[in-house]
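Observations on the three-dimensional arrangement
Each chain, letter by letter, is given below.
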Amino acid sequence: MMNEEAFSNRRVLITGGVGFIGSNLARRLVDLNAQVTLVDSLIPEYGGNLFNVAGLEDRLRINIADVRDPHSMDYLVQGQDYLFNLAGQTSHMDSMQDPYADLEINCRAQLSILEACRRRNPQIKIVFASTRQIYGKPDYLPVDEKHLLRPVDVNGINKMAGEHYHILYNNAYGIPACALRLTNTIGPRMRVKDARQTFLGIWIRLVIEGKPFEVWDGGQMRDFTYVDDAVEALLLAAASKEANGQVFNLGSEQAIDLKGLAELLVEINGGGEFSARSFPSDRKVIDIGDYYGDFSRIRSCLGWEPRVSLREGLATTLAFYRQYLTHYL
Ligand SMILES: NC(=O)c1ccc[n+]([C@@H]2O[C@H](COP(=O)([O-])OP(=O)(O)OC[C@H]3O[C@@H](n4cnc5c(N)ncnc54)[C@H](O)[C@@H]3O)[C@@H](O)[C@H]2O)c1
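Notes on the structure in this doc start here. What you see is a predicted model, and the numbers here were worked out from it, not measured in a lab. (Residues numbered from 1 in each chain as written. Predicted model: local features only at pLDDT ≥ 70, side-chain atom pairs only at ≥ 80, totals over all residues. Heavy atoms only, no water.)

1. Here we look at the overall build of the chain
Which entries qualify depends on this criterion: By definition, any uninterrupted DSSP run of H or I lasting at least four residues is a helix, any uninterrupted run of E lasting at least two residues is a strand, and each is numbered from the N terminus. Only C-alpha atoms enter the radius of gyration; for comparison, a globular chain is expected to reach 2.2 Å times N to the power 0.38, where N is the number of residues. Exposure classes here rest on a 1.4 Å probe applied to the protein chains alone. A residue is buried below 20% of its type maximum, exposed above 50%, and partly exposed in between. Accessibility throughout is a Shrake-Rupley quantity obtained with a 1.4 Å probe, and a residue counts as covered only by protein chains that appear here. By the counting scheme adopted, Arg and Lys are positive, Glu and Asp are negative, and His together with the chain ends is not counted. In plain terms, the charge of a residue is placed at NZ if it is Lys, CZ if Arg, CG if Asp and CD if Glu.
Per the secondary structure count, the chain includes eleven helices and twelve strands. Rg of the C-alpha trace for the chain: 19 Å, near the compact-globule value of 20 Å for 329 residues, within the 12% margin. With the C-alpha coordinates aligned to their principal axes, the bounding extent of the chain is approximately 55 × 45 × 40 Å. Of all 329 residues assigned to the chain, the portion counted as buried reaches 56%. Carbon together with sulfur atoms contributes 49% to the accessible area of the chain, which is approximately 13,600 Å² in total. Mean positive and mean negative side-chain charge positions of the chain (35 and 41 charges, respectively) differ by 3 Å.

Pasting the structure below:
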């Protein structure tokens, strides 16, 4: 169980805080009575959306700034007890088309955030949002944290470097930091406008709009985390000294292939259509094939396990977008 006292009246900075996972985390932290500041650049191609924090305006602070700006970060990290470092460029395709933007945000800015902490606030506890993408094509399943890191795209390489910088600053400078290797995360406030954050976003949008969506190949296995479970893992990692210097996979009890996922989505929606096609060639080269993770390390070390089933998570997400889709288009 999470020590909720760990956050009461504590100062918390969330980079990428107006995005999908960051805003869900912010909602939880505000309820835990934390003093929350969000930093987000609101670049339109990414998942930041002010509607994500609607209703919270009086309960937290929002600083529209870019984590690539070292002067902003130098100022913002001061006096904070926790940093949830979630700002990132998340699109794998965009990282191939504009590798330098991905490098600047997911790699260089991570180093400068850590430098800001080293200079201005070395006591701050940092939790970094890493990704299962850094493993590349799995050699075995389920993938545990000992698996080789062999990313298949620019995004994976830069996220891997970002993660390693955090562990390095923990080990070399004693700045308490750890990383969660998140897998496909779903839930209210995810980006559904297009497939930049996840293919499931565009599936959800189209199925609600009554339009057919496409499933590429369909045989690939994946695991999914409901966003409340991801938030719980972030909080557990932040509150635990044992987590410092460690990396943890998240995962699910249930892996599913994408065709099965499409069928489940249509069933829960009460209707919808999809067509199967082969991968576009530019996507095929960066596909990781089958993936699902072994999350026994975080279960034994921090007591985390997923509580929300895929079916329940999809149902809640669909219900959210049936009500609020226009805010996300
Ligand atoms: N959603 C997933 O399935 C998933 C899976 C693995 C890892 N992650 C990681 O989790 C983190 C959060 O992802 P998310 O799904 O909430 O995506 P998201 O796009 O909704 O959130 C990222 C936020 O970062 C902000 N941002 C991007 N560049 C910035 C910059 N230069 N300066 C300031 N803010 C900037 C965006 O505006 C956005 O609000 C990311 O680092 C991502 O790599 C997410």
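2. Some thoughts on helix α6 (residues 199–209)
Cut-off, in case you're wondering: Whenever two N or O atoms come within 3.5 Å, that pair is a polar contact, provided that in protein one can donate a hydrogen and the other can accept it, and provided that, for residues adjacent in sequence, both atoms are side-chain atoms.
Within the sequence span of α6, burial applies to Leu200, Gly201, Trp203, Ile204, Arg205, Leu206 and Val207. You can read the cap of α6 off the contacts: a side-chain oxygen lies 2.9 Å from the backbone nitrogen of Leu200, and it is on Thr198.

3. A word on the site of the ligand
For the record, the criterion: Think of it this way: one heavy atom of a residue within 4 Å of a molecule or strand is enough to make that residue near it. Each residue receives one of three labels: charged for Asp, Glu, Lys and Arg, nonpolar for Ala, Val, Leu, Ile, Met, Phe, Trp, Tyr, Cys and Pro, and polar for the others, Gly being one of them.
Taken together, 29 residues lie near the ligand, and Phe20, Asp40, Asp66, Lys159 and Gln197 sit nearest. Within the contact set of the ligand, an oxygen atom lies 2.8 Å away from a backbone nitrogen or oxygen of Phe20. For the ligand, whose unbound accessible area comes to 810 Å², protein coverage reaches 96%. Every element with two or more residues in the shell around the ligand is listed here: α1 (20–31), β5 (125–131) and β7 (184–186). At three residues, the largest contribution of residues to the shell around the ligand is made by β5. Split by residue class, the shell around the ligand holds twelve nonpolar, 13 polar and four charged.

4. Regarding the pairing of β5
For clarity, the cut-off: Two strands pair if DSSP finds at least two bridges between them.
In terms of burial, β5 is a largely internal element, seven of the seven residues being buried. Of the two faces of β5, the one holding Lys125, Val127, Ala129 and Thr131 and the one holding Ile126, Phe128 and Ser130 are both buried throughout. Pairing analysis gives four bridges linking strand β4 (residues 82–85) to β5, with the strands arranged parallel. Note on β5: the bridge partner recorded for Asn85 is Phe128.

5. Digging into the nonpolar core
Test applied: The nonpolar core is taken to be a set of buried Ala, Val, Leu, Ile, Met, Phe, Trp, Tyr and Cys residues, with the residues joined through side-chain atoms within 4.5 Å.
By size, the foremost hydrophobic cluster in this structure holds 68 residues, and its most contacted members are Phe7, Ile14, Leu29, Phe84 and Leu200. For this core, the element with the most residues is helix α7 (residues 227–239), which contributes nine residues. By size, the runner-up hydrophobic cluster in this structure holds 19 residues, among which are Val67, Leu83, Ala109 and Ile124.

6. Considering helix α8 (residues 258–269)
Applied cut-off: To estimate how far a helix should extend, the number of its residues minus one is multiplied by 1.5 Å. The criterion used for residue contact is that any of the two residues' heavy atoms lie within 4.5 Å.
For α8, built from twelve residues, the straight-helix expectation of 16 Å at 1.5 Å per residue is met to within 8% by its first-to-last C-alpha distance of 16 Å. Residues of α8 that are buried include every one of Leu258, Gly260, Leu261, Ala262, Leu264, Leu265, Val266 and Asn269, and no others. Close packing links the buried residues of α8 with α6, β8 (213–216), β9 (221–226), β11 (255–257), β12 (274–277) and α11 (310–324). Looking one or two residues past α8, Gly270 carries a phi angle of roughly 80°, positive in sign.

7. What about the packing of α8 against α11?
Stated formally: Where helices are involved, their axes are fitted lines through C-alpha atoms of the stretch in contact, as for all axes, and angles between N-to-C directions lie from 0 to 180°. Here the angle decides the label: under 35 degrees means roughly parallel, over 145 means roughly antiparallel, 65 to 115 means roughly perpendicular, and every other value means oblique. Helix crossings are classified by the rotation of the near helix relative to the far one: an anticlockwise turn of less than a right angle makes the crossing left-handed, while a clockwise turn makes it right-handed.
Close contact between α8 and α11 brings their axes to 10 Å; oriented N to C, the two are set at 55°. Compared by their axis directions, α8 and α11 come out oblique. Like other packed secondary-structure pairs, α8 and α11 cross with a definite hand, here right-handed. Counting all contacts with α8, which are made through Leu261, Leu264, Leu265, Glu267, Ile268 and Asn269, the residues of α11 involved are Leu310, Arg311, Leu314, Ala315, Leu318 and Arg322. Tallied by class, residues from the contact of α8 with α11 come to eight nonpolar, one polar and three charged.

8. Thoughts on the pattern of salt bridges
Convention followed: In what follows, salt bridge is the name for a side-chain nitrogen of Lys or Arg lying within 4 Å of a carboxyl oxygen of Asp or Glu.
Evaluated as defined, the whole model comprises 23 salt bridges. Linking Asp31 and Arg59 is a salt bridge whose minimum nitrogen-to-oxygen distance equals 3.3 Å. With Asp31 in helix α1 and Arg59 in the loop between β2 (35–40) and β3 (60–64), the pair connects residues that are 28 residues apart, well separated along the chain. With its nearest N and O atoms 3.5 Å apart, the salt bridge here joins Glu253 to Arg299.

9. Remarks on unusual backbone geometry
Cis geometry marks the peptide bond from Leu141 to Pro142; its omega dihedral reads -10°. With respect to the helices and strands, Pro142 occurs in the loop between β5 and α5 (154–173). In this structure, Asp217 is a non-glycine residue whose phi angle is positive, near 65°. Tracing the chain through its elements places Asp217 in the loop between β8 and β9. For Asp217, a relative accessible area of 39% translates into the label partly exposed.

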